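# Architecture and fold: a report
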Amino acid sequence: MSDAKSPRRTREQLRSARWYLANDMRAFAHRQRTQQMGFRRKDFMGRPVIAIVNTWSELSPCHIHLRDRAEAVKRGVWSAGGMPVELPALSLGEVIVKPTTMMYRNMLAMETEELLRSHPVDGAVLLGGCDKTTPGLVMGALSMDLPAIYVPAGPMSNARWRGQKVGAGTHTRKFWDELRAGKITADDWVELESRMTRTIGTCNTMGTASTMTALVDAMGLTMPGASSIPASDSGHARMCQDAGERIVGLVFEDVRPKRIVTQAAVSNALVTLMALGGSTNAVVHLVAIARRAGLGLDLEAFDREGRRTPVLANVFPAGDNLMEDFYFAGGLPALLTRIADRLDLSCLTVNGRTLGDNIAGAKVWEEDVIRPLDRPVATGAPIAVLRGNLAPDGAIIKASAADPKLARHRGRAVVFRDHADMSARIDEPDLAVDASSVLVLQNAGPVGGPGMPEWGALPIPKKLLAQGIRDMVRVSDARMSGTHYGTCVLHVAPESHIGGPLALVRDGDWIELDVAARRLNLDVDPAELARRRAEWRAPGPRYSRGYASLVERHIGQANDGADFDFLKAGAPIPEPEIY
Ligand code: FES
């Protein structure tokens, strides 16, 4: 909640003036070296220098068009009287980067913050979109707190295969199960490789990418509605140019991200998350973003909102449309009109107007894609927070993407001690498992993974697939891809690797899940649990050097946003000395 008016900064008050406008030998060198790159003195003397932080790379398929889009941003910056400079940053292509992009989200956040701090820039346009790039860029920009606009890469266009809509990620898992069940052929599987992701852009389902870009849009950090524009739509390039033009004004107005990401804006993002039926990954990212902004956000807030806001976006995996359909139905601005009475419409956004101004006049054009409140897509809570002796610090489940018949379930545990163990045994013909079993995966959390990989949608054992089983209760301290579905209890905290109760589960133990009661319990005699606890030994450090050892020593738990302890909000870091 804020007014859009701020005193204009003078050219002499620009941050870049510290590098360029001084009358000393060091400023001479800054001007000299900038001119060495072909810029004219008048381009940067007293003009806002805008960093375009670009997560393009040739191994980031969702961002492959971001070099072109950076040029559109530059056109906008030049036209408004600024000077754009492109700064490359870690690309984090979700599917290709191993062991998991989540391990590197905090690295991108740190890189973004330090890129902005160490260079003579006055503001930033952040180019990202693939899952962890959105939180990584936004967390870094919040910590540095220079005026910034986020530009989402945009979702890829619809794909169809043999008459049916197919969504990136969601249908990969569906068809993989069909292949293992013998319902499609190996040739079909090969054909699908080239058909499911047919254009530039991020996953076209309401996965983590579409969820996070929409939440950042709802918080006011993008040009209004930018998150819904398909990557290959000509409007996407125009939006980029608009962002470039606008960031110059934002610098002079000195509107910084922490002024936009307020408690009210975070609440708006929470409501939006539920109405989208968005990815469970948003829980961990939103907590981390809020804390970078110095705000409080706990898991109970997600549960409260999940109880009162139903899923309205009829998009995979909760629904049956794709992001392009969502865009044609009116996109995020139209969805926000559906939940307007639950939002704080007075929140300031980067275009200088309020959220309410931005969505005024937006309309829903297709009622089945963006549903009214009285005809939601799913009745189950979009995201529910579970607690119990198996998850004292919480766990989550996307009830709207789970089989309602499993929402209350008691079954015997089939335990895998880590992902390698699970991969080796899950399809063994003599695995003691049936449809009522609860599959448990240990050592897949922030420290144990490491990086909390998206292993939480454990595959259904092949012999059960052959019986027609397509969902089971699964419990882990891992995350799940936002494009996936199933009765998967995720983010169990504290994680098993550091001695959370999940570490104590044994084959055959009874586990009780009750989503309505928000309960996850291990039904084992307390004396027996105490005996197992006494026997448990903490694993020693696995990494003696490098980034993995930094993760091992400093990453937080899922309920805490999995941020590094030394990157959370704290006293401001002084600006670098210019000498
Ligand atoms: Fe990049 Fe899904 S793989 S958004």
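Everything that follows concerns the structure shown earlier in this document.
Thresholds, definitions, all that
Residues numbered from 1 in each chain as written. Predicted model: local features only at pLDDT ≥ 70, side-chain atom pairs only at ≥ 80, totals over all residues. Heavy atoms only, no water. Core = buried A, V, L, I, M, F, W, Y, C linked by side-chain atoms within 4.5 Å. Buried < 20%, exposed > 50% of the residue type's maximum accessible area, 1.4 Å probe, protein only. Helix = DSSP H or I, 4+ residues; strand = E, 2+ residues; numbered from the N terminus. Pairing = 2+ DSSP bridges. Axes fitted to C-alpha atoms, helices over the stretch in contact; angles between N-to-C directions. Contact = heavy atoms within 4.5 Å. Polar contact = N/O pair within 3.5 Å; in protein donor to acceptor, adjacent residues only side chain to side chain. Salt bridge = Lys/Arg side-chain N within 4 Å of Asp/Glu carboxyl O. Parallel < 35°, antiparallel > 145°, perpendicular 65-115°, else oblique. Nonpolar A, V, L, I, M, F, W, Y, C, P; charged D, E, K, R; others polar. Expected span 1.5 Å × (residues − 1). Right-handed = clockwise from strand over helix to strand, strands pointing away.

What follows is about the nonpolar core. Judged by nonpolar contacts, the single largest core of 124 residues is most densely connected at Met219, Ile247, Val261, Leu276, Leu297, Phe302 and Leu335. A per-element tally of this core places helix α12 (residues 263-276) first, with 10 residues. Counting 27 residues, the second-largest nonpolar core is a separate cluster that includes Ala391, Ala395, Val438 and Val473.

This part covers unusual backbone geometry. In this chain, Lys98 is followed by Pro99 through a cis amide linkage whose omega measures 0 degrees. In this model, Ala493 is joined to Pro494 through a cis peptide bond whose omega is -5 degrees. Residue placement: Pro494 occurs in the loop between β12 (488-490) and β13 (510-514). Located in the positive-phi region is His491, a residue other than glycine, with phi close to 60 degrees. Note that His491 resides in the loop between β12 and β13.

What follows concerns the sheet that holds strand β4 (residues 148-152). Hydrogen bonds between backbone atoms are what pair the strands of a sheet, whose relative direction is either parallel or antiparallel. Spatially, the four strands line up as an open sheet ordered β2-β1-β3-β4, and their pairing is parallel. The outermost strands of the open sheet, each flanked by one partner alone, are β2 (83-88) and β4. Ignoring which end each strand starts from, the neighbouring axes of this sheet average 20 degrees apart. Note: strand β3 (residues 123-128) against β4, five bridges, orientation parallel. Bridge pairing links Leu127 to Val151 in β4. Sitting on the sheet, helix α10 (residues 234-253) is in contact with β1 (49-54), β3 and β4, with an inclination near 175 degrees to β4.

A separate point is the side chain of His285. Turning to its location among the elements, His285 is positioned in helix α13 (residues 281-292). Within the structure, the side chain of His285 is placed 3.0 Å from the side chain of Arg105, a separation counted as a polar contact. Dropping the residues within four chain positions of it, His285 is found in contact with Met102, Arg105, Lys132, Pro135, Thr208 and Met212.

Here we take up the pattern of salt bridges. The tally for this structure, following the rule as stated, stands at 44 salt bridges. Salt-bridge contacts for Glu71 lead to Lys74; the nearest nitrogen and oxygen are separated by 3.2 Å. Remark: Lys74 and Glu71 occur in helix α4 (residues 66-79); sequence separation between them is three residues, near one turn of the helix. You can call Lys74 buried: its relative accessible area is 17%. A salt bridge links Asp471 to Arg474; its shortest N-O distance comes to 2.7 Å. Judged on exposure class, the residue Asp471 and its partner Arg474 are both buried.

Before going further, it helps to examine the packing of helix α6 (residues 133-144) against α13. Following both chains from N to C, one finds α6 and α13 inclined at 10 degrees, their axes separated by 9 Å at the closest point. In terms of axis orientation, α6 runs roughly parallel to α13. The residues of α13 that touch α6, namely those facing Pro135, Val138, Met139, Gly140, Leu142 and Ser143, are His285, Ala288, Ile289 and Arg292. Of the residues belonging to the contact of α6 with α13, the class tally is six nonpolar, three polar and one charged.

It is worth spelling out α10 at this point. In this model α10 runs 29 Å from its N-terminal to its C-terminal C-alpha over 20 residues, within 8% of the 28 Å that 1.5 Å per residue would give. Taken across its 20 residues, α10 has 14 buried, putting it largely inside the fold. After α10 finishes, the residue Asp254 shows a positive phi value of roughly 60 degrees.

Glancing now at the pairing of β3. The buried fraction of β3 amounts to six of the six residues, a majority that puts the element mostly inside the structure. With burial as the criterion, each face of β3 is covered, one bearing Gly123, Val125 and Leu127 and the other bearing Ala124, Leu126 and Gly128. In this structure, β1 lies alongside β3, joined through five bridges in parallel fashion. Within β3, the position partnered with Ala51 by the bridge is Ala124. What joins β3 to β4 is α6, and the crossover it makes is right-handed.

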